[in-house]
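Okay, here's what each chain looks like letter by letter:
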Amino acid sequence: MFLSRFFGFMGKNLAMDLGTANTLIYTPRDGIVLNEPSVVALDSRTDAVLAVGKEAKDYLGRTPEKIRAVRPLKDGVIADFEVTRAMISYFVRKVITGMNLVKPQMVICVPTGITQVEKRAVIESAQQAGARDVKLVEEPMAAAIGAGLPIEEPLGNMVVDIGGGTTEVAVISLSAVAYAESVRIAGDEMNEAVQRYLQDEHQLLIGENMAEAAKITLGSAYPLSQPLEFRISGKNIIDGTPKSVVLTDTHIREAIKDPVNAILLAVKRALEKTPPELVADIANNGLLLAGGGALLRGLDALIMKHTHIRVIVDEDPLTTVCRGTGVAMANPKTFSKVYIN
């Protein structure tokens, strides 16, 4: 019944990747129409929303007492229900006109390790933001569809989706997840590792945005053929004065080695717990890397070295999950097999 109603209103359907770091929205007609940070700036006294998305992210670490910048999702799930509702509502209004006349129906992708309580929080936040109906799709399944993997065939397809809050490792066959593991270590943990490293090794305090900039500019999981350098500025821990240091890719590789190794161990665990026939398929077809973490230099080489499996990085890993959610939404037969609630 839901699917017949759902596909009868395709013009007002939205696919959403509600991520810890970024939120993306896909429409059947226009593809990806929104890609903004999952950040909200609020008035500390009234909780009124002052800014959302890109503008709000610039507030992080720079707000006076009367303003607070909030990231309402943590580890891939909702940490602040009311702020998440306000954020979803803002993004939906931004991409749909006439929302009060025709409320959208939404498909939202979620981590595989999400609990029933966390699922309900996602659904209710979207409904209170104005959605008529809400369905959920697991992120690795959406990533596999977005990358064009043959998920409906009796073959093993392995997906590693590294987002901001979680790393999803899954083996998919016959439109179902044969094995999945959700590790709450991903891009955010790498940013925090950079901050800790600079504090311990250089007595330098930096903000979240600066740590992310250092990771993007210098980050790697494997030694690079050409060294990279980046000057980073912050506050001296000892006396509070401004301080800057020049970092290299070697420094950042050392800083993020623990979260990178945790992701590698999750991949190896998944292979150990997967039936041998499916592992043989994965060895033949390769392993898909998606999500923003797939852009970390040398991560594919590191995984290949330790698993002896060819690693394929999706052509646009930041949007793989959202694109896959949209493709599934547009195909009733596929959608009926992969939605989970």
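Rules behind the numbers
Residues numbered from 1 in each chain as written. Predicted model: local features only at pLDDT ≥ 70, side-chain atom pairs only at ≥ 80, totals over all residues. Heavy atoms only, no water. Helix = DSSP H or I, 4+ residues; strand = E, 2+ residues; numbered from the N terminus. Expected span 1.5 Å × (residues − 1). Buried < 20%, exposed > 50% of the residue type's maximum accessible area, 1.4 Å probe, protein only. Patch = residues over 30% accessible without salt bridge, like charges linked within 9 Å, V, L, I, M, F, W, Y side chains within 5 Å. Areas by Shrake-Rupley, 256 points an atom, 1.4 Å probe, with all protein chains shown as cover. Salt bridge = Lys/Arg side-chain N within 4 Å of Asp/Glu carboxyl O. Domains from an automatic or database assignment. Buried area = accessible area lost by both parts, 1.4 Å probe. Polar contact = N/O pair within 3.5 Å; in protein donor to acceptor, adjacent residues only side chain to side chain. Nonpolar A, V, L, I, M, F, W, Y, C, P; charged D, E, K, R; others polar. Phe/Tyr/Trp six-rings, centres within 6.5 Å; stacked < 30°, edge-to-face > 60°. Pairing = 2+ DSSP bridges. Axes fitted to C-alpha atoms, helices over the stretch in contact; angles between N-to-C directions. Contact = heavy atoms within 4.5 Å. UniProt positions renumbered as here; feature names shortened; annotations may be inferred.

Bringing helix α9 (residues 257-273) into the picture now. Between its first and last C-alpha atoms α9 spans 24 Å; for 17 residues at 1.5 Å apiece the expected length is 24 Å, and the two agree. Buried within α9 we find Pro259, Val260, Ala262, Ile263, Leu264, Ala266, Val267, Ala270 and Leu271.

A cluster of nonpolar side chains, Leu205, Ile237 and Ile238, forms an exposed patch at the surface whose accessible area comes to about 280 Å². Position of Ile238 relative to the elements: it lies in the loop between β15 (229-236) and β16 (242-248).

This part takes up the domain arrangement of the chain. For the chain, the assigned domains read domain 1 (13-140 + 322-330), domain 2 (151-185 + 256-317) and domain 3 (187-255). The C-alpha-based centres of domain 2 and domain 3 are spaced at 27 Å. Taken over both partners, the interface formed by domain 2 and domain 3 buries close to 1,400 Å², and the fraction arising from carbon and sulfur atoms is 64%. There are 1 salt bridge connecting domain 2 and domain 3. Salt-bridge contacts for Glu254 lead to Lys257; the nearest nitrogen and oxygen are separated by 3.1 Å. The interface formed by domain 2 and domain 3 includes 11 residue pairs in polar contact (both at pLDDT 80 or more). Elements with a contribution of two residues or more to the side of domain 2 that touches domain 3: α9 and α11 (299-307). Taken together, the residues of the side of domain 2 that touches domain 3 break down into 9 nonpolar, 4 polar and 3 charged.

Moving on, we come to the packing of aromatic side chains. Counted under the stated rule, the structure contains 2 aromatic pairs. Relative to Phe91, the ring of Tyr90 lies with its centre 5.8 Å away and its plane at 65 degrees, an arrangement referred to as edge-to-face. On the accessibility criterion, Phe91 (0% relative accessible area) is buried.

Of all 11 residues making up helix α12 (residues 320-330), 9 are buried, and the element is well covered by its neighbours. Along α12, the positions that sit buried rather than exposed are Thr320, Val321, Cys322, Arg323, Gly324, Thr325, Gly326, Ala328 and Met329.

What follows is about the sheet that holds strand β3 (residues 31-37). Spatially, 5 strands are ordered β3-β2-β1-β9-β10 in an open sheet, and the strand pairing comes out mixed. Bordering the open sheet on either side are β3 and β10 (134-138), each of which pairs with just one other strand. Ignoring which end each strand starts from, the neighbouring axes of this sheet average 20 degrees apart. Two strands pair when backbone bridges link them, and strand β1 (residues 13-18) and strand β2 (residues 22-27) are joined in this way by 4 bridges, in the antiparallel orientation. The residue of β2 that forms the bridge with Asp17 is Leu24. The strands that α12 touches are β1, β2, β3 and β9 (105-110); relative to β1, the one it contacts most, it runs at about 150 degrees.

UniProt's feature table lists "binding site: ATP" (unreviewed entry) at Thr20, Ala21, Asn22, Gly164, Gly165, Thr166, Gly292, Gly293, Ala294 and Leu295, given in the numbering used throughout. Position of Thr20 relative to the elements: it lies in the loop between β1 and β2. Accessibility expressed as a relative area gives 5% for Thr20, which makes it buried. Residues within four places of Thr20 in sequence aside, it is in contact with Ser38, Arg71, Leu73, Lys74, Asp75, Gly76, Gly164, Gly165 and Asp188. Its location among the elements puts Gly292 in the loop between β17 (287-290) and α11. Judged by its relative accessible area of 31%, Gly292 falls in the partly exposed class. With residues up to four places along the chain from it excluded, the contact list for Gly292 reads Ile162, Pro317 and Leu318.

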